[in-house]
Every structure is written in C-alpha cells, then in structure tokens.
Amino acid sequence: MELSTRYEPQEAEAAIYAQWLAANSFQATPDSRPPYCITIPPPNVTGALHMGHALNHTIMDTLGRWKRMLGFNVLILPGTDHAGIATQAVVERKLKQEERKTRYDLGREAFTEKVWEWKEEYGNKIVSQMQRLGCGYDWSRLRFTMDESYVEAIHTVFEKLYADGYIYIGERMVNWSPGFQSVISDIEIDSREEDGFLWHLRYPYSDGSGHIIVATSRPETMLGDTAVAVSPKDERYKSVLGKTITLPLVGREVPILADDFVDPAFGTGAVKITPFHDPNDYEMGNRHQLERIEVIGPDAKMTENAGVYAGLDRFEARKQIVADLEALDLLEKIEPYRHTVPYCDRSGAVIEPRPSSQWFCKMGGTEMVNTSIEVVRDGSIRFLPERYREIYLRWMENIRDWPISRQLWWGHRLPVWRKTDSNPEEAGSWVFARTKEEAEATLDSTDVLQSDDVLDTWFSSALWPFATLGWPHTETDLNYYYPTSLLSTAQEILYLWVARMIMTGELFIGKKPFDDVYIHATVLDEHGRRMSKSKGNGIDPVELIDLYGADALRFALAREAGQRQDIRFKPVKAGKQEQVEQARNFANKIWNASRFVMMNLGDFVPSQYDPRPETLADEWIIHRLNKTAHLVNDGFETYNIDDAMRALYSFVWDDFCDWYIEASKPRLQAGEESVKHVLWFVLNETLRLLHPVMPHLTEVIWQELPGAKEKAGVLFLTQAEFPTGDPAYSYPHAEAQWEVVQEITTAIRNVQAVNNLKKGGEALVETTSPEVLESNRSIIEFLTRFTLVLAPPLSGAGGDGYLQPTRFGDVRLPRPEVTAEELAAEKLRIESDLAKILLDLVVLNKRLDDPSFAERAPEAVVTKTRTQHAELLEKQGKLTERLAQL
C-alpha cells in the first residue's frame, strides 16, 4: 500500500470526520466499562470559535480520545448556552440595522420570537466549528440551556431554593448597564485602564469659616452628596468633625463625619459621600444612616433631583457642573488620574453602580456553601494547577449573596408570580409557580402577573453537569456518568461558574459534579496581551484550520497546554503563523515517514503483533517507543499535555525518523523481514500514541497500514487500544549501547561538516567501547559514509588528524593533502570572518548591555537580538576551533 506524495488536510479531515460520525464512533450509552465523562463548558449560542475555545476543545478531545482508547466508556457531552445578554445584544443590533426598530417597538413576546428565529438560523455556527476541529463529542446529545427538559431542571432547583429560604428579594448595590437597562454580572464587565482626572472641589463650611477640599473622579455625582468623610486618624480634620458644609449648586447642608474606610493618602484625605452612586459610599451611608439621593437615572440621564441639570446625559452634566463650579471659584484644581473604568462588554456603555431591588440567593454560612467548601478542602475535588484550590477556598469563605435577576427579555423568566395589585417590593407578595394556571390556583386569583426579570445566565449554567444527564426525570445516565470526570475551563469563571456548579451538585445530587478542575492557560498575543476584537489582535482559529488543517492547530496548542497560565501566540503574517506552521511541518514528517515505511513493507503483514528485535537498533527503538508511551500517559494523567507532546515530537522526529528509519535502509535493501516487522510495529504504535491529539492524520494513515485493522479487531484507529508501556519492550542495555553509536556517528559527521571534508575516507576511533562499535560497524559506516577504524584509547594511531573527543573515545579524521598557499588562504578567510563577527558582537553587546533596550524595545526585537548574539557566538566558536586545527 502506498500513501500519496502529499497530505492534504482540508480534504482528508472532512472525509474522515464524516466516517466517524456515520459509524457513531462518539456515541455513548452506559454499560459495564468504567465511565469517563466531560460535559463541555457550553459556549454562547452567539459565539464563534476563538483561540481560547480551540485550546480547551483540544484539551478535552485529546483526553477523551485517550480515555476511549484505554477502554473507558467516554461521553463528551456538547451543548450551547442561551447567553442572555450576549444573544439579546446581537438580535437588538440586527433589529436596529435592518428594521430601524427597538425591542420595545416589538414588545416582549414578538422580540423573544425574533431571538428564537435568530438562534435557529445562526445559533449552531460554533457547533460546526467544533466539528471542524475534530471534536469527538456525542452530538446526538447536543443540549441547549433553554431546552424544555433543561427548563424543567431550572424550575425544580428554583422551587427548592425558594421554599428553603435561599432565594429572596432585596436591595443591594449592583452593576447597572444603562445600555441594557439591566443588572449585569462581573464577567460581563470590561474593565479598562484609562487616563482621567481628579477634580478637587471646595465645599464651603456652613458657618462661613472657610472650606474643605474634596477630590473626586465623578463630579456629576456631587449633586447627590449627603456627607463628607475623613479618616478618624487624620489629625488635619479633627477640628472640623461635626461641622456641616453647604453643598455647592444645591444648597443642602451635609455633615462632616469620620469613617475608617477613608484613606488619608487619597486626594486631600476628605471624600464626598454619594450613597446612591458608589458601592463604598453605599456601605458608608448604611453605617451612618445617610439619605440616598438618586441624581443619575437607570438611563444614565440626570434625574429631577439634579435640579437644573435634569435630563442631561451624565457626562454632559459633568462638563456643565465643572464649568459652573469654576465660575463660582469652587474648583481648586484638576490633576491627571489613571483609573479603572468599568464598561458593559456588550453595549459598550460605562457601568453605573446603583442600589436596586433584585432577587438574590443566600450564600455565606449556608449548607450549600459550607458543603462546597468542604468537598474541595478534603481533596474530593482536585484543582490543577493546585494554587486555584486556595483561590477558590478564599473566595468561598468570603462569599456574598448572589444577585440572580436580570432586566432582560431573553432568558429564563423568573418562575415567581404575584397579584397585580400587590406590592412587588414585599417578599410575601410573590409565590413560585411553573405556569399561570398554577399561580392562579396558589394565589386564589385570576388577576396575576409574572416577574418581568430573567435569571442570571450563570444560574442555569450552574446545573449543567447534572441537568444535561437527565435530572430531574431520568437517572440512568446520571447514575452512570455522574460525577463527571473533568471540568476544563478558564480561570475567569472560577467563581461565576465552577463554584456554583459545585454548590448545586452538592445540594441537589448530594455529590460533587466532577473529580478534577483543570484551569487551562489563557491564549495571549505575542506581547502578552489578551486577544480581543477591540484591540485587533485576535487570531481566528478557523483561518488557521483553513491554512494548515485542524491537526496542526491542535498540536500547536497542545504543545503549550501544561500548567502554566498563559500561552503567547504569534499573529498570522503574509498567510503564515509560525507555531502552527511548525506543527504542520511535524504532520508532514509523520506523513513522509509513514509513506516510506509503507512503500518498503510491500505485501508484508506481520503474523503476530509483537516484533522480534534482531539488532541493537531494533531493541533501542522499541525501548524508546516504550518509554515514550509511559511519558505520554503520564503527561495526560497529570494534565501536563505539553510534556506528552514534547515526548512524541522527540520520538517521532529524532528517534524514529532521523535514526531508526535511516539505520533500517541497508536491511530493507537486503530484504530482511525482521526490520519490516519492527517498522510496522513502531509505526502502528506511534499512530496510536499520536491519535488523541492528531486524530485525522493518524486515522488516514492507519486505515492504509496493511493488517492494522485486522490486528486491532476494530474498524477505526479511534477505537484501537492505546499503548501504555510494557515491561517486555524494555531494553535499557540497548539504550546505553545505542548512545555510543549515536555519539560516535554524530562526531564523525560534525568533524566532516566543520572541516568540509570529502566523504569516503577512514574514521579512526580510539574507543573504550570497541565491541559495540564493531557489532554496529555497518550502520555507522552507512550513516557517515566513512570506513571505521577502531583502536584502543591513547594509542596515538590517528596522528594529527582533525579531532573531536566524545564520552566514548576520540574521533579523528585525516587531514587532506593541501598546499601551503591553500592553507594560508583558508586561514586568511577564517580570520576575516572572525574579525567581522567580532565587530557585530560589539554592536550587539552594547545593545543588550543597555537596560533600557530590554525595557523599551518590542519583545520580538529583543528576542531576535538575543538569538543573533547566540548564533554569532556559536559561529565564532566553530571558526576558532577550525583555525586552531589549521
């Protein structure tokens, strides 16, 4: 059997993936095998595959394929999240662009229908992209967080939490998005470092004795001030405590008070207190029972309480207020101030903190939280890297109540109802009901209405590991696959999602939701910045798949997938991406090596699976394969996938291709059957080891390998047994002896190359290992094209030939006959090259010795300079050695 001369991934990947799906290769049902289950983090239904997704899906699919080949019953369950705010934003934008309408023009029911239409048309784009990446998931189980059965799970959870007193209505300070007119979660905030200003304002004492200066970054909120606060330890202000000031532009008298929260080093040490518009001021207002005055409304416009500024946008009001204060000589100064400004990541509006009546879920001190702390503290759930265990525990031990309501239209509407004429602010007005009919019966009234709010997306996502497995109705899958085996996810949703899944799993199922939590790295750009559309530094993984194939992208990402927490990925330039191109080159190496083996196998099919090694090279390659199998399994088991990839790369490129295949050529030419058996065995096992990370390429090759399916007893490589290492394949003596062959062969090649010698002469080796070299003479002579002459150490038999010492003896190659003129010319050329290198090194040393160069120059420039420096030093060393030999 012969493979084509080139591997074309774009054609091969689609074809082989279709075959897997047709054969139901990834479908899973409970049986007697041990289970391995991952319920994937559901991407937003609006989403497209980004590099973080590509990394995480590579990790999950690699581990799932590995476990499947180890004999586990593997279920990787896919799905998508309705993503309330993200999806509503997309459809609202589309509505505005195409119909010049808002959601309010349509009304809630019609708008929700529009969102469902959009979801059906565009919502599964990311699913097809996962399939292009080669994800071996059970697509027959594809779930959506607004499926009817999933909604039933949400209602069941809400009902119990409400009945047990976890869920309540109350007022808290929240992140308010004026763009969406809704509370949003912390993860939906884009915090940006910006250059702003601190305005120092003069607040006159009411008794006319002077003024106090306060510093603020938000002068528009001063209209809602109800106090000025200083630190009780600040000696500067002790004499004014208890005084009042008259608030400029408003005329309201407010007190000066002491509070430990105030930092004397910030601004002037005196701060304005606006309890309605700042989270810290809200807390201070509660401590001192201050009035809360709303001067910025939910729409980010000034309210009637703002007086003459009512109706202005908050930022327009800021300009006007500053101008008016300056006109009254109440503006002390303005100074630059760099600070963090929170934006809604969907609407782009600056977040407005404000107290709001919302639905909350009790957290701290509850059974749900305490159990979720204990299950991590006692090691039942493992966090990798381990430091995230402590981060999780610290957060859980200081957790605050969770605001679960959102003022959106798309999502799971809160299943709470009240009589139309009841007070919505009173908890007793509300009852749980799944339907209007149920609410009418409970409230004994036909005049009822449901809460307009929807649940936080993370509330529904918190049920994902068990709601996707049939709970609360069917338990066959739940009993078999739950707890799931692994959650692989990003660090930024440790609190928002991971913690909440642990809480709901423990409370409702009585079990942890997963065994391991692997926090994967963040994919950054080459400068260490997060990738984002706004920065224009994102890389589209689908573009990389188009360029190089899915397997190349998977391998490039897996090479970086260890337990460090960031991966730097270079951009695509002129249609090339360096890291994925290197992985593509590796794929080509695998293809070409496989093609060579198959071309030389002819009609050979082994009569038995295990090879019978007949030479040192045979034993060595089988031993190295066996060690690689151990390293790969260890890497996967410990989530050091990068270590597994390095082991595979080194084995395939160096051991198999550069050494064993080359060494096998004379035996193949002689028609030896034993070497064909070893080549077949090593290729077969190598394809199995590579399959989890490079599934398409390896499957295509394996399908063409004579006898592979018959020996495995399966139709697809994805179903074959994974190599785990076998003591029968361990030949430690072969590794030690082959090292002699490698070092002597490499030394002969180096001396020949450095001195530009013609091949075909003699190579004298004064060696301590003559038996090893003698028994492998033919291989060394074939690989070097020199005739081997062996002599004892320190025999002096080599004369003054070119010398390279090794651990196993000195290698000498005879000098060719040259005239004095040729020798002098060669010497002059080398001296000239060395002089030029010295000049170049002076320039580079000066640059690298300057501390400002490393600080200010782009990282790519610094790296390139250091590489040039290292290359020049290496070249200088070789030329100096050559000059000494001359």
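These numbers come from a predicted model, not from an experiment.

Parameters and conventions
- Residues numbered from 1 in each chain as written.
- Predicted model: local features only at pLDDT ≥ 70, side-chain atom pairs only at ≥ 80, totals over all residues.
- Heavy atoms only, no water.
- Pairing = 2+ DSSP bridges.
- Helix = DSSP H or I, 4+ residues; strand = E, 2+ residues; numbered from the N terminus.
- Axes fitted to C-alpha atoms, helices over the stretch in contact; angles between N-to-C directions.
- Parallel < 35°, antiparallel > 145°, perpendicular 65-115°, else oblique.
- Left-handed = near helix turned anticlockwise from the far one by under 90°.
- Contact = heavy atoms within 4.5 Å.
- Nonpolar A, V, L, I, M, F, W, Y, C, P; charged D, E, K, R; others polar.
- Buried < 20%, exposed > 50% of the residue type's maximum accessible area, 1.4 Å probe, protein only.
- Phe/Tyr/Trp six-rings, centres within 6.5 Å; stacked < 30°, edge-to-face > 60°.
- Lys NZ or Arg CZ within 6 Å of the ring centre and 35° of its normal.
- Arc of directions from axis to C-beta.
- Polar contact = N/O pair within 3.5 Å; in protein donor to acceptor, adjacent residues only side chain to side chain.

Q: I would appreciate a short explanation of the pairing of strand β28 (residues 802-806) in the present structure.
A: The side chains of a regular strand alternate, first on one face of the sheet and then on the other. The sheet contact formed by β28 and strand β29 (residues 809-813) spans five bridges and is antiparallel. Following the sheet pairing, Q804 is matched in β29 by V811. Here β28 hands over to β29 after two residues, the two strands then running antiparallel side by side.

Q: Honestly, the packing of helix α21 (residues 641-669) against helix α22 (residues 673-690) in this entry has me stumped. Any pointers?
A: In helix packing, the relevant descriptors are the interaxial angle and the interaxial distance, both defined with respect to the helix axes. Following both chains from N to C, one finds α21 and α22 inclined at 165°, their axes separated by 11 Å at the closest point. With respect to their mutual orientation, α21 and α22 come out roughly antiparallel. By crossing handedness, the relation of α21 to α22 is classed as left-handed. Along the contact surface, α21 presents L648, F651, V652, F656, Y660, I661, S664, R667 and L668, while α22 presents S674, V675, K676, V678, L679, V682, L683, T686, L689 and L690. A breakdown of the residues in the contact of α21 with α22 according to their chemical character gives 14 nonpolar, three polar and two charged.

Q: Where do I start with unusual backbone geometry in this structure?
A: With glycine set apart, most residues show a phi of negative sign, and most peptide bonds adopt trans. In this model, L384 is joined to P385 through a cis peptide bond whose omega is -5°. Within the secondary structure layout, P385 lies in the loop between β15 (382-384) and α11 (387-397). The omega angle of the peptide bond from Y482 to P483 is 5°, so this bond is cis rather than trans. Here P483 shows up in the loop between α15 (476-481) and β22 (484-489).

Q: Looking at this structure, how should I read the environment of L601?
A: Position of L601 relative to the elements: it lies in helix α19 (residues 578-601). Under the relative-accessibility criterion, L601 is labelled buried at 1%. In the structure, L601 is positioned 75 residues away from K676 in sequence and 6.0 Å away in space, judged by C-alpha atoms. In this structure, L601 is in contact with K676, W680, L705 and P706, ignoring residues within four places of it in sequence.

Q: Would you mind showing me how to read the packing of aromatic side chains here?
A: Pairs of aromatic rings are described using the distance from one ring centre to the other and the angle between the two planes. The full count for this structure, using the stated rule, is 39 aromatic pairs. Here the aromatic residues F158, Y162, W359, W402, W430, F432 and F459 are joined through ring pairs into a cluster of three or more. When the ring centre of W409 is taken as origin, the NZ or CZ atom of R103, which lies over that ring, is 5.0 Å away. For K119, the ring lying beneath its charged end belongs to F144, and the centroid distance is 4.3 Å.

Q: Sorry, what's going on with the sheet that holds strand β27 (residues 787-791) here?
A: Whether parallel or antiparallel, the strands of a sheet pair through hydrogen bonds between backbone atoms. Taking strand neighbours across the sheet as the criterion, the four strands line up as β27-β26-β29-β28 in an open arrangement whose pairing is mixed. On the outer flanks of this sheet lie β27 and β28, each paired with one strand and no other. When strand polarity is set aside, the average angle formed by the axes of neighbouring strands in this sheet is 20°. Contacts from helix α25 (residues 732-754) reach β26 (762-767), β27, β28 and β29, with the element oriented near 150° to β28.

Q: Honestly, helix α17 (residues 541-548) in this entry has me stumped. Any pointers?
A: Spacing of three or four residues puts side chains on the same side of an α-helix, whose turn is 3.6 residues. Along α17, the residues classified as buried are P541, V542, L544, I545 and Y548. Down the axis of α17, the buried set is contained in an arc of 155°. They therefore lie on one face. Residues of α17 that are buried in the fold lie against α1 (9-22), α2 (51-69), α6 (125-133), α18 (550-558), β25 (566-569) and α19. N-capping of α17 is provided by D540, with a side-chain oxygen placed 3.0 Å from the backbone N of V542.

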